[in-house]
Amino acid sequence: MSKTVALVLGSGGARGMAHIGVIQEIESRGYKVVSVSGCSIGAVVGAFYSANKLDAFYEWAKSLNYLNVLRLVDFSFISNGAIRGDKLFSVLSDMLGDIQIEDLEIPYTAVATDLISSKEVWFQRGSLEQAMRASGAIPGLIQPVEHEGRLYVDGGVLNPLPIAASVSAHADYIIAVDLSADVPKPKIKDIKQFADEVEAQAKEKADFDRAAMSEAEHQEQAQNHLASESNEATEESAADVDSSTDVNAKTDSTKTGAEASTNAQMNTDADTDSEKESANNSSNDGAVAEFKGKITSKLKHITPDAVAPNLWLNSMVNKASDWFSQDETESGEDAQAKTEISGSKLGKIGILYQMFDVMQTSLSQYKIAGYPPDLLVKIPKDCVEMYEFYRANEMIEMGRYIAKEALDAFEQGHSSVYGQR
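All values derive from a computational prediction rather than experimental measurement.

Undergrad: Help me understand helix α1 (residues 18-28), please; the structure alone is not making it clear to me.
TA: Given 3.6 residues to a turn, an α-helix orients residues that are three or four positions apart in the same direction. Counting buried positions along α1 yields 8 of 11 residues, so the element is predominantly enclosed. Residues of α1 that are buried: Ala-18, His-19, Ile-20, Gly-21, Val-22, Ile-23, Glu-25 and Ile-26.

Put into structure tokens, the structure is as follows:
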């Protein structure tokens with residue numbers, strides 16, 4: 001009879017793709033997973049696994065490249081988070097379908113934090129999509145989830161490794177996957193292949209950035225040129241209006257002189273004056289109409305398609321460059337230089353997440369001490385940056401390799417670098 005496992009999947013951004021490899025290794029050894037609890041990315045991977053749709057998520061994750069990830073980022077400067085998250089969770093929802101947690105094949109718990117009550121919340125029923133979204137709403141980064149008068153953010157604020165939620169499953173083993181472990185990156189046998197993939201991805205990112213920036217500069221020049229033409233048209237029309245005003249003033253002066261010299265004939269000339277005033281008003285109306293016509297003629301060529309066909313793409317690149325990272329390391333430099341990012345190189349989101357990551361790393365240690373699992377699988381905290389989901393292939397393979405090392409030692413009755421009993 002196969003041993004049962006209550007699986008705990010921790011939070012950690014793109015490092016969470018390692019969860020897929022860990023699950024694959026656990027299943028390949030004949031263990032039966034009877035419960036899944038997860039936080040943030042762990043809640044997402046756990047949701048697909050519990051719904052028996054991990055293969056679809058696996059194939060999608062492997063297909064991601066830098067541009068795909070960028071397209072999933074919907075920046076917002078008016079919501080409660082830098083990123084709304086609508087695009088990403090719309091894609092995930094399309095893959096999952098409309099599923100309720102209580103209908104899943106494997107009992108599932110997603111952990112979130114309720115900011116109103118300052119308490120940890122376990123989602124064990126209701127909408128699966130909403131549970132994933134609430135569990136992964138990193139404060140200040142991803143827009144919080146409002147539901148029934150509550151405001152939910154990432155479960156990592158209080159419990160980045162929700163071991164307690166798995167105790168009630170009464171499984172033979174509790175296996176927890178910590179994505180913030182202070183362990184060295186493993187030397188996988190085909191590490192050169194991964195290094196080549198990383199270099200190719202970095203080159204793709206650099207080429208894309210250069211091309212997009214060049215296009216942005218070109219469009220900016222086009223916009224400046226059109227703006228200059230518009231200003232010229234405004235000045236020309238304004239000059240025409242001034243000229244018309246001068247003519248009217250002269251006419252009024254002549255009219256006043258004539259009236260002064262012929263006061264005796266004022267009554268008989270009243271009709272004539274009225275006709276002159278009407279003519280002057282018509283002249284002014286004509287000048288204004290001419291002014292509007294010139295402006296319309298100049299501006300009618302300025303259309304969104306002609307001016308900025310790739311405005312969204314360029315704005316995303318500019319924002320991502322500033323928000324994600326300001327690291328300008330080229331792909332050909334030493335690998336160590338790529339992975340070590342100094343404080344001055346971190347972008348806005350980088351600093352936000354780095355702060356959050358430090359906090360949840362410390363919290364994880366408290367949770368492990370309070371509810372020690374039968375096996376703690378340790379994923380290096382510095383293997384990838386939190387937003388590098390386009391390195392999914394590398395992380396999945398690393399997760400599989402680390403799980404193999406940890407389970408080999410566990411089954412022999414001892415701990416290892418990547419597996420703590």
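Undergrad: Looking at this structure, I do not really get the pattern of salt bridges. What am I missing?
TA: Side chains carrying opposite charge are able to pair once their charged atoms draw close together. If you walk through the whole model with that rule in mind, you get 12 salt bridges. Close ionic contact of Arg-29 with Asp-408 constitutes a salt bridge, the shortest N to O distance being 2.6 Å. Taken together, the positions of Arg-29 in the loop between α1 and β2 (32-39) and Asp-408 in helix α13 (residues 392-411) put the pair 379 residues apart, joining distant regions of the chain. Residue classification places Asp-408 among the partly exposed residues on the basis of a relative accessible area of 23%.

Undergrad: Is there a simple way to explain the environment of Arg-150 in this structure?
TA: Here Arg-150 is to be found in strand β8 (residues 150-154). The class for Arg-150 is partly exposed, based on a relative accessible area of 35%. Residues contacting Arg-150, with those up to four places away along its chain left out, are Asp-114, Ile-116, Ser-117 and Val-145. Within the local environment of Arg-150, its side chain forms a polar contact with the side chain of Asp-114, the two groups lying 3.3 Å apart.

Undergrad: What is the right way to read the environment of Pro-380 from this model?
TA: By the secondary structure assignment, Pro-380 is in strand β10 (residues 375-380). When the C-alpha positions of Pro-380 and Met-398 are compared, they lie 9.7 Å apart, and in sequence the two are 18 residues distant. Setting aside chain neighbours within four positions, we find Pro-380 in contact with Arg-15, Leu-179, Ala-181, Val-183, Pro-184, Lys-185, Pro-186, Met-398 and Ile-402.

Undergrad: Whenever I open this one, helix α3 (residues 54-63) confuses me. Can you help?
TA: Within α3, burial applies to Leu-54, Phe-57, Tyr-58, Trp-60 and Ala-61. Considering only its buried residues, α3 is in contact with α1, α2 (41-50), α5 (86-96) and α13.

Conventions used here
Every chain's residues receive numbers from 1 upward, in the order its sequence appears when written. Given that the model is predicted, a residue must reach a pLDDT of at least 70 before its local features are reported, and side-chain atom pairs must reach 80 or more before they are shown or counted; all residues, however, enter totals for whole chains, interfaces and linings. Only hydrogens and water are removed before side-chain values are computed, so all heavy atoms of the structure are retained for them. Buried residues are those whose accessible area, probed at 1.4 Å on protein chains only, stays under 20% of the maximum for their type, while exposed residues exceed 50% and partly exposed ones sit between those limits. Secondary structure elements are defined from DSSP: runs of H or I of at least 4 residues count as helices, runs of E of at least 2 residues count as strands, and each element is numbered from the N terminus. Each reported salt bridge corresponds to a side-chain nitrogen of Lys or Arg within 4 Å of a carboxyl oxygen of Asp or Glu. By definition, residues are in contact when any of their heavy atoms lie within 4.5 Å. Whenever a nitrogen or oxygen atom comes within 3.5 Å of another N or O atom, the pair is scored as a polar contact, on the condition that within protein one atom can donate a hydrogen and the other can accept it, and that pairs from neighbouring residues in sequence are kept only if both atoms are in side chains.

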